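What the coordinates show
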Amino acid sequence: MDESSNISPRLTKIKRGNPYSVPENYFEELPGRIQEAIHVQKETEPVKPFTFRFIRPQLAVAASIIAFAVIGYFGYKLIHSDNSASELTSGEIAEYVEYYSSEIEEDMFIEMLEENKLPEADYSDLSDEIITYLVDENIDYQSIIEIL
Amino acid sequence: MAKNNDKELLSLFRDENTRHHAFNIIIRKYQERLYWHVRRIVISHDDADDVIQNTFIRVWNGLEKFHEASKLYTWLYRIATNEALSFLKQYRKKFIIPIVTVENILENSLESDSFFNGDEIQMKLQKAILSLPEKQRLVFNMKYFDEMKYEEMAKILNTSVGALKASYHHAVKKIEKKLGKG
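One structure accompanies this document, and this report is about it. The shown structure was predicted, so the numbers you read here are calculated from the model rather than taken from an experiment. (Residues numbered from 1 in each chain as written. Chains lettered and ligands numbered in written order. Predicted model: local features only at pLDDT ≥ 70, side-chain atom pairs only at ≥ 80, totals over all residues. Heavy atoms only, no water.)

1. Description of the environment of leucine 30 of chain A
Summarising the element assignment, leucine 30 of chain A is placed in helix 2 (residues 26-44). If sequence neighbours within four positions are ignored, leucine 30 of chain A has contacts with Gln31, Asp49, Ile52 and Gln53 of chain B. (Helix = DSSP H or I, 4+ residues; strand = E, 2+ residues; numbered from the N terminus. Contact = heavy atoms within 4.5 Å.)

Quick look at the structure:
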C-alpha cells in the first residue's frame, strides 16, 4: 500500500488493474510491423552519393570564400568609386538641380556663377534674319530684348 | 545467449550482422510496458499504436549513439514519454480556440473505446485522471499503475524526487475529490 492510502480512502478501494485491452495477437505482431516500418524508412531515405558526402564540407568552405571575395570586391568598388560630376550628362545635372532645387539657395547659385563667369552677352548683332524668325513664329521679340 | 541482459543486447545491436535480431529482442522485451505507458497518455489504441511504432523507429535511429549513461529501460521510457506528449501537443495545435480541448477528445475516446474493459468505477477513475494537468497525470499513472520508484521517474522526467512526490500528492487529492462527487 503506498503513502497515498491515508489521503485517498476511495482510491484505495478501486481495483488497481489495467482496464484497457488490445486487439488479439497485437503484441505478437507488433515487432514485425515495427521492423517493416524501419525497412520502409531505410528504403525511402534519400541516399547521397559517396563523393558528394565526402566533398560536402570542402564545397561549403569554397562557397564561403567565394562569397567573401565577391562581397569584398563590390564593397571596395562602392567605397572607392569616383563618381565625379564630369562623368554626368547635362540631363542628369538638370534632373539633379530640379530635384534638389528647394535645397539650393539663390545666393549659392549666384556665387557659383560669379566664380565661373560667362562672357558678357552681346545682342548688337541680333540680325534681321532672327527678328524675321521671331515675327514669323509670333514671338514678342521686343519683350525678350527688354528682359535681356 | 542471455537475452535479458541489456548490455549484451546493445553489443549485439552494434554488430551489423546481429543488429536486426538484437532489436527484435529489445522490442519484445519492452513493448508491453512502453505500450501501456503510452496508452494511458493518449487513451485510444490506434493512437497508442502509432506512438509506439514511432517510438521504436526513433530508438532504432538513435540506439547506436546510446552511450549507456542511463539504463536502456529509462532511455526507452523517456523516448516513449516524449513521443506521447508530442502527439498530444500536435493535437493541441489543431485547436487554436479551445472550444474542444484535448482532454475532451481523450474523454470521448475513453467512452467510445471498444478496448476498455473496466467497470463503472474504473471508468470514473480514468475520467478523474484525465481531468488532471498533464504532468500530474503522467506522474500519477507512472506511480499508481506502473508502480515506478520516484528515483526512476526522476531520471525519466528529468525532475527532482521532491517535485514528483508533490505532484503525486496533489494528483491523488484531486482524484479523491472527483471520486467523491456524485
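2. Points about the layout of surface pockets
Looking at the largest pocket, its volume works out to about 210 Å³. In terms of lining, the largest pocket is formed by Gln41, Lys42 and Glu45 of chain A together with Phe13, Glu16, Arg19, His20, Trp60, Asn61, Glu64 and Lys65 of chain B. Sorting the residues of the lining of the largest pocket by element identifies helix 2 of chain A together with helix 2 (19-42) and helix 3 (45-62) of chain B as the ones contributing at least two each. Classifying every residue of the lining of the largest pocket by side-chain character gives 2 nonpolar, 3 polar and 6 charged. (1 Å grid on protein atoms, 1.4 Å probe; cavity = no way out; pocket = protein on both sides within 12 Å on 5 of 7 lines; lining within 4 Å. Points joined across faces, edges and corners; volume = space filled by probe spheres on them. Nonpolar A, V, L, I, M, F, W, Y, C, P; charged D, E, K, R; others polar.)

3. Side note on the environment of leucine 63 of chain B
Residue and element names in this part refer to chain B. Assignment of secondary structure puts leucine 63 in the loop between helix 3 and helix 4 (72-94). Between the C-alpha atoms of leucine 63 and arginine 14, which are 49 residues apart in sequence, the distance is 8.6 Å. Apart from residues lying up to four places away in sequence, leucine 63 is in contact with Leu10, Phe13, Phe23, Ile26, Leu72 and Trp75.

4. Considerations on the pattern of salt bridges
All names here are of chain B. Tallied over the full model, the rule gives 9 salt bridges over all chains. In this structure, glutamate 64 engages arginine 19 in a salt bridge whose closest nitrogen and oxygen atoms are separated by 3.2 Å. Taken together, the positions of glutamate 64 in the loop between helix 3 and helix 4 and arginine 19 in helix 2 put the pair 45 residues apart, joining distant regions of the chain. Exposure remark for glutamate 64: the relative accessible area of 47% places this residue in the partly exposed category. Since its relative accessible area comes to 11%, arginine 19 is described here as buried. (Salt bridge = Lys/Arg side-chain N within 4 Å of Asp/Glu carboxyl O. Buried < 20%, exposed > 50% of the residue type's maximum accessible area, 1.4 Å probe, protein only.)

Geometric descriptors of this kind do not, in isolation, establish any biological role.
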